[in-house]
Amino acid sequence: MSQLISVGNAGAKGRSTFAKSLIRSGTLLTDEPPLLKIPYEHPNSIRYNLRVLESFSQLTDNDKATFLALSMNEGEFTKIRGFFLVNHINMTERDVAICAIFNTNAVRMGPDSNANNGTGVFLKYCRMNHSCAPNASYAVHSASGHMRVRAHRDIAAAEEVLVSYTGDLIQSKQERRKDINFDCVCHICTAVDVASSDARRQRINAIMHGTKIFMCRQSRLITTIRAAGGNTALWLDQILHGAVADGAIVPTNANEALTLTKERLSLLGRESITGPELILVWGMLALVYRLLGDNEKSFKAMLMQDMHGVKCQGRE
Ligand SMILES: [Zn+2]
């Protein structure tokens, strides 16, 4: 894999990962075990930080040096030092730095935040920078615990390999800033007309939630729950109405759902978003075509969904 990518200088962003030659969409770029891993603990707990220090102490001297050379967010350092102080725990500056480096670079290893798979730092992955229009996506393989990064679109020779540090790219620049905890300098965030990008992402979100509500309302299960009445029906209506109040654009019929979902697909293109978000939109198109009785187009949309799934996640 090292013949595909190399670490180099990315100017103000520090070190980053670059394609050595043209990398085709779907190519596996890394498949690496964690350098440092801790079992699941609630983040920002004493146990979490003590686990980090315990795992670090078990590394070889070489791996310790490699870990300490990783980048550290100064904000994390201040936060962790304050955390230890208010909990009356005496820590050396080096211990605080180890925890801060861990927090700066670690990723949750499960498919969701409640998963009990722990948190890890992956060397090759943490040398990949963030972009709000990334060209690669990552997942921790559940059986091996390895981090796998894949190009989800073609990456040109010498182009930077970019992943997303936020689980939700379809937010405004300000909301993404809150998630990633630093000022992103990607081409979306530094564009002159950031407001237009924000408006497009907001509309993608509104369509996504609205079509979900529409499809939910088509479900026979919903009709059954409504007919049964009681608390579950009340709860369901509260959820659906709450989402509408949040600005979701809810189609009134299947043709409108189709027009809006096609618009969502086109807006993702305008925002250069080519990753897992495409899996979702093609999946929705497949459902809408099915609702319209166009099984051929539904099948084609499903194939597109599968193709994007393989590009982002591989075949297993
Ligand atoms: Zn950005």
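Reference entry: report on the structure contained in this document. Model, not experiment: these values are computed from the prediction.

## Observations regarding the overall build of the protein chain
- For the protein chain, the count of helices and strands is 11 helices and 10 strands.
- Seen through its C-alpha atoms, the protein chain measures out along the principal axes to roughly 65 × 50 × 40 Å.
- Counting only residues that meet the buried cut, the protein chain has 29% of its 316 residues in that class.
- In the protein chain, the share of contacts with a sequence separation of at least 24, taken over all contacts with a separation of at least 6, comes to 67%.

## Let's talk about the pairing of strand β9 (residues 147-151)
- Judged by how many residues are buried, β9 sits mostly within the fold: 5 of 5 residues are covered.
- Across the two faces of β9 the burial is the same, with M147, V149 and A151 and R148 and R150 all buried.
- Linkage of strand β8 (residues 136-140) to β9, two consecutive antiparallel strands, is achieved through a turn of 6 residues, within which G145 is found at a positive phi near 75°.

## Here's the deal with the nonpolar core
- Membership of the largest hydrophobic core comes to 32 residues, with the highest contact counts inside it found for C99, F102, V121, Y125, A136, V149 and V161.
- Of all the secondary-structure elements, those providing two or more residues to this core are β4 (36-38), α1 (46-57), α4 (93-105), β8 and β9.
- Considering each element in turn, this core owes the most residues, 6 residues, to α4.
- Aside from chain neighbours lying at most four places away, what touches C99 is N49, V52, L53 and I80.

## A word on the packing of helix α9 (residues 254-270) against helix α10 (residues 276-291)
- The contact between α9 and α10 brings their axes to 10 Å, and the two run at 160°. Relative to α10, the element α9 lies roughly antiparallel. The element α9 and its partner α10 pack so that their crossing is left-handed. The residues of α10 that touch α9, namely those facing A254, A257, L258, T261, R264, L265 and L268, are E277, L278, V281, M284, L285, V288 and L291.
- Classifying every residue of the contact of α9 with α10 gives 11 nonpolar, 1 polar and 2 charged.

Definitions and cut-offs
Residues numbered from 1 in each chain as written. Predicted model: local features only at pLDDT ≥ 70, side-chain atom pairs only at ≥ 80, totals over all residues. Helix = DSSP H or I, 4+ residues; strand = E, 2+ residues; numbered from the N terminus. Buried ≥ 20, exposed ≤ 12 C-beta atoms within 10 Å, placed from the backbone. Contact = placed C-beta atoms within 7 Å. Pairing = 2+ DSSP bridges. Core = buried A, V, L, I, M, F, W, Y, C linked by C-beta atoms within 7 Å. Axes fitted to C-alpha atoms, helices over the stretch in contact; angles between N-to-C directions. Parallel < 35°, antiparallel > 145°, perpendicular 65-115°, else oblique. Left-handed = near helix turned anticlockwise from the far one by under 90°. Nonpolar A, V, L, I, M, F, W, Y, C, P; charged D, E, K, R; others polar.

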